[in-house]
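For reference, the chains in residue letters:
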Amino acid sequence: MPVVPRWALLTSGCAPVLLIAGWLIAGRLEGPAYDPVSQTISVLAAYGAAGFWVMTGALFALGVCHLLTAWGLRAAATAGRVALGGGGVAALMVALLPTPSSGGSLRHGSIAAIGFALLAMWPVLAAHRGRSAPWALRPLPSLWATALMTAGAIWFLVEAHQQGAMGIAERFVTFAQSVWPFVVVASCLRHPRRTECPSPAGTET
């Protein structure tokens, strides 16, 4: 029996597709008043936005996808699965607590920051040592994934401070965070030793 069910390929693969479709459709509905370079995704999901329901639905679906993928990703270390699931919960809460039509929201921003942190950390927390682990669950690729997502988050903070290309930076990091679960699931399903779960980090003899 595979260590990861095949339906996890669907839940993880739908996450980036739904996210991108959400911001593209919502942005089109918003029209030329919305600038995807300098404005964030949260603007599209704010109360009163033309694409409010589209972007809110996409964020909600993203959270559900992450939760289901975390549940099915039995090959990953427990800490990583919990962090991925926590990121899914954060996405659900961001969808349920949108920003107001004008101004910011400390509650929304705090939840979004927690979600970014959890989704950035889950790859390295999910890693296993040893050659028996699928490629995407080995320490080095996992560390690189976490480093890339962390760098993207720092880039976003810099752009936000400078009132620069926040939209581009946010889309980069959210895409990276949404696509990595798919990479991990695909790696697990292609792994030749699918009938065995790797030993948790530090327990292999």
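Note that this is a predicted model, so its numbers are computed, not measured. (Residues numbered from 1 in each chain as written. Predicted model: local features only at pLDDT ≥ 70, side-chain atom pairs only at ≥ 80, totals over all residues. Heavy atoms only, no water.)

Bringing unusual backbone geometry into the picture now. Although it is not a glycine, Gln 163 sits at a positive phi angle of roughly 55 degrees. Structurally, Gln 163 is set in the loop between α6 (139-162) and α7 (166-190). (Helix = DSSP H or I, 4+ residues; strand = E, 2+ residues; numbered from the N terminus.)

With that out of the way, let us pick up the side chain of Ser 187. Inspection of the secondary structure puts Ser 187 in helix α7. In terms of polar contacts, Ser 187 uses its side chain to reach the backbone amide nitrogen of Trp 135, at 3.1 Å. Apart from the residues lying within four places of it in its own chain, the contact partners of Ser 187 are Pro 134, Trp 135 and Ala 136. (Polar contact = N/O pair within 3.5 Å; in protein donor to acceptor, adjacent residues only side chain to side chain. Contact = heavy atoms within 4.5 Å.)

Below, the discussion takes up the environment of Leu 67. Of note, Leu 67 is situated in helix α3 (residues 52-72). Overall, the relative accessible area of 31% leaves Leu 67 in the partly exposed class. In the structure, Leu 67 is positioned 14 residues away from Arg 81 in sequence and 8.9 Å away in space, judged by C-alpha atoms. Leave out the neighbours within four places in its chain, and Leu 67 touches Gly 85, Gly 88, Val 89 and Leu 92. (Buried < 20%, exposed > 50% of the residue type's maximum accessible area, 1.4 Å probe, protein only.)

Counted according to the given criterion, the structure contains 6 aromatic pairs. Between Arg 171 and the ring centre of Trp 23, over which it is positioned, the NZ or CZ distance is 5.3 Å. (Phe/Tyr/Trp six-rings, centres within 6.5 Å; stacked < 30°, edge-to-face > 60°. Lys NZ or Arg CZ within 6 Å of the ring centre and 35° of its normal.)

Next up on the list: the nonpolar core. Core analysis: the biggest nonpolar cluster contains 23 residues, and Val 4, Leu 73, Trp 122, Leu 137, Trp 180, Val 184 and Cys 188 have the highest contact counts within it. A total of 6 residues in this core trace back to one element, the largest contributor, which is α7. Not counting residues up to four positions away in its chain, the partners in contact with Trp 122 are Leu 73, Gly 80, Ala 83, Leu 84, Trp 180, Pro 181 and Val 184. One finds Ile 41, Ala 58, Leu 59 and Leu 62 within the second-largest nonpolar core, a separate group that totals 18 residues. (Core = buried A, V, L, I, M, F, W, Y, C linked by side-chain atoms within 4.5 Å.)

Compared with the 30 Å implied by 1.5 Å per residue over 21 residues, the 30 Å span of α3 between its first and last C-alpha is a close match. Buried residues belonging to α3 abut α1 (7-30), α2 (41-44), α4 (78-96), α5 (106-125) and α7. (Expected span 1.5 Å × (residues − 1).)

What follows concerns α1. With 24 residues, α1 should cover 34 Å at 1.5 Å per step; its first-to-last C-alpha distance of 34 Å lies within 8% of that length. At Cys 14, α1 shows its maximal bend, which comes to roughly 25 degrees, and the proline Pro 16 appears one to four places after that position. Turning to α1, its buried residues number three or more, namely Ala 8, Thr 11, Ser 12, Gly 13, Ala 15, Pro 16, Leu 19, Gly 22, Trp 23, Ala 26 and Gly 27. Once α1 ends, the next one or two residues include Gly 31, with phi positive near 85 degrees. (Bend = angle between axes of the 7 residues up to and from the residue.)

Right, let's talk about a nonpolar patch on the surface for a bit. Judged by side-chain polarity, Trp 7, Phe 60, Val 64, Leu 68, Trp 71 and Leu 96 come together as a nonpolar surface patch covering roughly 600 Å² of accessible area. If one sorts the elements of the nonpolar patch by residue count, α3 sits on top with 4 residues. Topologically, Trp 7 is positioned in helix α1. (Patch = residues over 30% accessible without salt bridge, like charges linked within 9 Å, V, L, I, M, F, W, Y side chains within 5 Å. Areas by Shrake-Rupley, 256 points an atom, 1.4 Å probe, with all protein chains shown as cover. Salt bridge = Lys/Arg side-chain N within 4 Å of Asp/Glu carboxyl O.)

Another point: the side chain of Ser 142. With respect to the secondary-structure elements, Ser 142 resides in helix α6. A distance of 3.3 Å separates the side chain of Ser 142 from the backbone oxygen of Ala 136, its partner in a polar contact. Not counting chain neighbours up to four residues away, the residues in contact with Ser 142 comprise Pro 123, Val 124, Ala 127, Ala 136 and Leu 137.

The next subject is the packing of α5 against α6. Here α5 crosses α6 at 165 degrees, and the two axes come no closer than 7 Å. Relative to α6, α5 is oriented roughly antiparallel. As α5 packs across α6, the resulting crossing turns out to be left-handed. Contact residues: Leu 119, Ala 120, Met 121, Pro 123 and Val 124 in α5; Ser 142, Leu 143, Ala 145, Thr 146, Met 149 and Thr 150 in α6. Taken together, the residues of the contact of α5 with α6 break down into 8 nonpolar, 3 polar and no charged. (Axes fitted to C-alpha atoms, helices over the stretch in contact; angles between N-to-C directions. Parallel < 35°, antiparallel > 145°, perpendicular 65-115°, else oblique. Left-handed = near helix turned anticlockwise from the far one by under 90°. Nonpolar A, V, L, I, M, F, W, Y, C, P; charged D, E, K, R; others polar.)

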